[in-house]
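Letter by letter, the chains look like this.
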Amino acid sequence: MTQNTETFQTLTKGQASVVEAAAARIMPTTDTPGATEAGAVVYIDRTLTEAFPGLAPLYRAGVSALNKHARRRGNATFAKLSEKEQDAVLTDFEAGKVPDFTRASAFFETLRKHTMEGFLGEPAYGGNRDLVGWKLVGFPGHQYGYKDAYINKKVDIEPIALDRPYKTEEEWRAHTS
Amino acid sequence: MPTRADVVIVGMGAVGGLMSKELASAGLEVVGLERGAMPEFEDYAFKDSIRAFARRQFEERSRNEPILSRAGKGAPTRATYPSTPGNVVGGGLLSWTGSASRFSPGDFKVRTNEVLSGVAEKAGANLDGYDVPDWPIDYDDLEPYYEKFEYEMGVSGKAGQNPFAGPRKRDYPVPPIRQSARSQLFEEAARKLGYHPYQATTGILSQAYQPAPPYDARIPERPGCVYCAQCNFYGCHVGAKTSTNFTTLPVALETGNLDLRTHCKVFQVNVNDAGRVTGVSYFDADGNVVEQEASVVILGGYLYEHTRLLLLSKTASGMFKGGLANTSGMVGKYIMAHGDFNVRGLFDDSIMNGFIGPNGGTRIDDFYGNNFDHTGLGFIRGGPIGTGGGGTPLERYDNIPPGWPRWGDRYKDNLAHYYTRAADMTIPPEMLPHQDNVIELDPTRKDAWGIPLPRVTFTFHENEKRMGPFLGGIGEKIMKEMGASHVWTRASWQPTRTVGGTRMGADPKTSVVNGYCQSHDVDNLFMVGSSVFPTMTGYAATPTVAALAYRASDYIIKNWSSFA
């Protein structure tokens, strides 16, 4: 079961649970939110549906190879492995050392890129839910501008995300909830 | 067929936007043809990092016209050559970085000053395969036009800070962009090391500005930068970023003498039996072929289109078998690009907040051009060294020192800690013109209109390959002095800011255009843009392209009786 219970459009529930588990190792949940809380898997499903449907076959093959390699290394499907075992499987993918799957490294890099986009991108695309990614790194998001140069001090501003830009600060403020 | 025009301009980016104002204001009937659209506010001012960065929305505009690429003669043609074309009214300036330095006087005379004078020999540089010419014009020829660009378009800076800069008659119209944490540290460190830091001249207004006489007071007032986080790769939501769309183009349209047509894809320059051009042919938005007659044709686009149009136009007349305006055989030859060196630093003791824009920071020219002793270095020329921008988190998640984890718990901790504690330097090593780097028509592949695609053959060669690591080493020294805890260099060797292809020169046998960007072969054909650069320098092209555009406009207006 995925923790993100949205209806997926391109990934099956089973595929989504593997993608979510792998994304959670790339950007783990610690004392702060990770890829799971950000909804990175939702971002990935929407990306495969709306922007890059051509990558869906790579994901299907990649998920199936993750499970196959997980059984090889830990005798269970990927999502059921321990975190340590999952990391070992992903390390093999990153290094391109997966028997019978030549695209292992390409799949890992795509998954990593999409996970980070789903963690740090605009929430309008399905990820970075509650702006958890921007909060983690200290990025205030779509601010109109910065009146202070913030030389050697923290920018202590709550992040915001706007759907569109505005020309004046008044309009900008009016559309910031 | 539409009414005959005085001038037709192919491409309504920076060059079209500037020249159309000059020519239309002089009373000439101008037709401006643009293959892209007229952008609405949200098309360029969006703040969406997925759209701008992850999905490269600006590059998508050229999806129908990829630039093919191969590494050398006989090498397979593979991926596309990296390019960020505008393909929109306003062109690349809508989302540029704003790097707005004039070239230096010595930049125009590299052959005389360095190749022939013994500098290259003392350096021990191997210039085999390079052909390094002088420009047919001097810094002094462009100085008034550089000033015009700075005062009409709005450039921020402070005269006198850079001891290596060429002479200027007036200070900049507005003061430099506000200093950031990273540029302040850079300035202190560079000074400590004995260099000469200056605040970069930037095509982004530091405060509200409107030109006043003697410059064109019809250009509207624009506000100053508000220092948002979405700058490079993005258009400006307040209009502080210098763009022809907010300055010269509205004035050109106001004259009533500019007929601006979007979604018009020019595929041929037409020539008569006397060897003069008569206009251009294009596909309109509906795919109809339209012929536009004109007394003067100006190619105002980027090098790929200039080269492609000239090579394609050879069948229009039996006269130009090797391509229009190409009796020299130089069309498509000697293209150049920067392979940027990126010096990166992570700081445990300073907060940089690198996302606060804009990109332009503080620089040194101590290792630019011929400003330093090259003895024994194995190369000539150099490049500017300065702080770059930070960017939104999507642009920064790969800012990882070599050997550090790229995912997992430790990666997450480092990302959280260092995103706001990072500084960069982008160092463009000047590339010299080499005979192997060319643009041709691909023998088989065609674009969405059925026109052969341009194919770039490109590799970096010895001079710039030796220069890059040297400049990177200086950058690392400064970064350490700034107090960075972790310093590393990323050599991109990805060609960027590509120029050349219709080189300018005094001799028609070895160059395509003269100092006015006028074809040696065809007097009523002009190519205006960075395609005419005989050498590229370590700077961005824009101010020099603008100065050449103003100068060519003056020349056309003064000599109009010979064209009419």
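Look up a bit, the structure's there.
Remember, it's a predicted structure, so these values are computed and weren't measured experimentally. (Residues numbered from 1 in each chain as written. Chains lettered and ligands numbered in written order. Predicted model: local features only at pLDDT ≥ 70, side-chain atom pairs only at ≥ 80, totals over all residues. Heavy atoms only, no water.)

Engineer: Talk me through the interface of chain A and chain B; I want residue IDs and the actual numbers.
Structural biologist: Taken together, the contact between chain A and chain B spans 53 residues of the former and 45 residues of the latter. With both sides pooled, the region where chain A packs onto chain B buries about 4,100 Å², and carbon together with sulfur makes up 60% of that total. Inspection of the region where chain A meets chain B yields four salt bridges. Measuring nitrogen to oxygen at the nearest pair gives 2.7 Å for the salt bridge that ties Asp398(B) to Arg112(A). Taken together, the links from chain A to chain B amount to 28 residue pairs in polar contact (both at pLDDT 80 or more). Elements supplying a minimum of two residues to the side of chain A that touches chain B: helix H1 (13-26), helix H3 (40-51), helix H5 (83-95), helix H6 (104-120) and helix H7 (132-137) of chain A. Top contributing element to the side of chain A that touches chain B by residue count: H6(A), with seven residues. Considering only residue class, the side of chain A that touches chain B consists of 26 nonpolar, 13 polar and 14 charged. (Contact = heavy atoms within 4.5 Å. Buried area = accessible area lost by both parts, 1.4 Å probe. Salt bridge = Lys/Arg side-chain N within 4 Å of Asp/Glu carboxyl O. Polar contact = N/O pair within 3.5 Å; in protein donor to acceptor, adjacent residues only side chain to side chain. Helix = DSSP H or I, 4+ residues; strand = E, 2+ residues; numbered from the N terminus. Nonpolar A, V, L, I, M, F, W, Y, C, P; charged D, E, K, R; others polar.)

Engineer: Go over the packing of aromatic side chains, please, and point to the residues and values.
Structural biologist: A complete count under the given rule lists 39 aromatic pairs over all chains for this structure. Ring geometry for Trp134(A) versus Phe139(A): centroids 5.3 Å apart, planes at 90°, classification edge-to-face. What makes Phe139(A) buried here is its relative accessible area of 2%. Ring centres of Phe139(A) and Phe355(B) lie 5.5 Å apart, and the angle between their planes is 80°; this geometry places the pair in the edge-to-face category. Placement of Phe139(A) in the loop between H7 and helix H8 (169-174) and of Phe355(B) in the loop between strand S9 (333-346) and strand S10 (362-364) is noted, with the two residues assigned to different chains. The burial state of Phe139(A) is the same as that of Phe355(B); both residues are buried. These aromatic residues form a ring-pair network of at least three members: Trp134(A), Phe139(A), Tyr146(A), Tyr150(A), Phe355(B) and Tyr419(B). Directly above the aromatic system of Tyr227(B) lies the positively charged group of Arg178(B), at a separation of 3.9 Å from the ring centroid. (Phe/Tyr/Trp six-rings, centres within 6.5 Å; stacked < 30°, edge-to-face > 60°. Buried < 20%, exposed > 50% of the residue type's maximum accessible area, 1.4 Å probe, protein only. Lys NZ or Arg CZ within 6 Å of the ring centre and 35° of its normal.)

Engineer: Provide a residue-level description of the packing of helix H7 (residues 139-154) of chain B against helix H14 (residues 542-558) of chain B, including the pertinent values.
Structural biologist: Residues and elements named next belong to chain B. The interhelical angle for the contact between H7 and H14, taken along N-to-C directions, is 110°, at an axis separation of 8 Å. Here H14 runs roughly perpendicular to H7, going by the angle between their axes. Of the residues in H14, those touching H7 at Asp141, Leu142, Tyr145, Tyr146, Lys148, Phe149, Glu152 and Met153 are Thr542, Pro543, Thr544, Ala546, Ala547, Leu548, Tyr550, Arg551 and Asp554. A per-class count over the contact of H7 with H14 returns 10 nonpolar, two polar and five charged. (Axes fitted to C-alpha atoms, helices over the stretch in contact; angles between N-to-C directions. Parallel < 35°, antiparallel > 145°, perpendicular 65-115°, else oblique.)

Engineer: Please set out unusual backbone geometry residue by residue, giving values where relevant.
Structural biologist: The omega torsion of the bond from Pro213(B) to Pro214(B) falls at 15°, within 30 degrees of zero and hence cis. Residue placement: Pro214(B) occurs in the loop between strand S4 (198-199) and helix H9 (248-254). Geometrically, the link from Gly357(B) to Pro358(B) is a cis peptide bond, its omega value of -10° lying close to zero. Following the sequence through the fold, Pro358(B) ends up in the loop between S9 and S10. Phi at Asn75(A) takes a positive value of approximately 60°, unusual for a residue other than glycine. You can call Asn75(A) exposed: its relative accessible area is 69%. Here the phi dihedral of Phe233(B) falls at roughly 85°; this positive angle occurs in a residue that is not glycine. With respect to the element layout, Phe233(B) can be found in the loop between S4 and H9.

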